[in-house]
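Summary of structural features
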Amino acid sequence: MNNPLKNKVTTVFIPVKDVEIAKEWYANILGIEGEIMHGHLCVLDMDGTGIVLDEMPAWRNAEGEISPFQAPFVQFATNDIHASHKWMKENGVVMVTGIEHEHYFVFKDLDGNMLMVCQ
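The following paragraphs examine the structure supplied in this document. (Residues numbered from 1 in each chain as written. Predicted model: local features only at pLDDT ≥ 70, side-chain atom pairs only at ≥ 80, totals over all residues. Heavy atoms only, no water.)

Points about the overall build of the protein chain
Within the protein chain, the secondary structure is distributed over two helices and eight strands. Secondary structure elements of the protein chain occur, N-terminal to C-terminal, as β-α-β-β-β-β-α-β-β-β. The principal-axis extents of the C-alpha atoms in the protein chain amount to approximately 40 × 40 × 25 Å. For the protein chain, the proportion of contacts with a sequence separation of at least 24, taken over those separated by at least 6, is 51%. Of the roughly 7,700 Å² that the protein chain leaves accessible, carbon and sulfur atoms contribute 51%. Within the protein chain, one finds 8 positive and 17 negative side-chain charges whose respective centroids are separated by 3 Å. (Helix = DSSP H or I, 4+ residues; strand = E, 2+ residues; numbered from the N terminus. Contact = heavy atoms within 4.5 Å. Areas by Shrake-Rupley, 256 points an atom, 1.4 Å probe, with all protein chains shown as cover. Lys, Arg positive; Asp, Glu negative; His and termini not counted. Charge placed at Lys NZ, Arg CZ, Asp CG, Glu CD.)

Set out below in C-alpha cells:
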C-alpha cells in the first residue's frame with residue numbers, strides 16, 4: 001500500500017489561555033485577522049501553512065493547565081530581520097534572543113510560547 005499521507009504541513013496549533021486576547025495580540029504583531037470558532041479556536045488568515053490559536057480544552061491536565069512550548073516551534077518569514085526585530089520591540093513583545101547570525105531571532109507570545117522570525 002502506498003502511504004496516503006501527504007508530505008505537507010497544513011496547520012500549526014498554538015496553545016493559548018484566552019483565545020480572544022491571543023487573537024488581538026497576533027492580529028497586531030502579524031497584521032492578520034482571524035475568526036474564532038467553537039468558542040476556543042481562532043483560525044488565522046495566513047499565506048501557506050495555517051495557524052490555529054487554541055485554548056485546547058481537550059488537552060489540559062487535571063488542574064486545567066496546558067504547558068507552553070519551551071522551544072521555537074513556529075518560524076515566521078521576513079525580508080528584513082532588523083525591521084522585524086525593531087517592530088517586535090516597539091510593540092512590547094518579550095524578546096528571547098537578539099538577532100542571531102544576522103538571520104533570526106526568538107520571541108515569546110502572551111502565553112510564553114517561543115516563536116521565531118527568520119530572514
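That covers the picture; the talk isn't over yet.
Some points on the sheet that holds strand β1 (residues 11-15)
An order of β1-β4-β3-β2 is seen for the four strands of this open sheet, with the pairing classed as mixed. Looking along the sheet, the strands with just one partner apiece sit at the ends: β1 and β2 (34-37). For this sheet, the mean angle separating the axes of adjacent strands, direction not counted, is 25°. Examined bridge by bridge, β2 and strand β3 (residues 41-44) share four bridges and lie antiparallel to one another. The residue bridging M37 from the neighbouring strand is L41, located in β3. (Pairing = 2+ DSSP bridges. Axes fitted to C-alpha atoms, helices over the stretch in contact; angles between N-to-C directions.)

A few points about the sheet that holds strand β5 (residues 75-77)
The sheet built from four strands is open, its strands ordered β5-β8-β7-β6 with mixed pairing. In the strand order of this sheet, the two ends are held by β5 and β6 (94-95), each with one partner. Of the strand pairs in this sheet, β5 and strand β8 (residues 114-118) are connected by three bridges, and their pairing is parallel. Each bridged residue has a counterpart across the sheet, and for F76 the counterpart in β8 is V117. The strands touched by helix α2 (residues 81-90) are β6, β7 (104-108) and β8; relative to β7, the strand with the most contacts, the crossing angle is about 15°.

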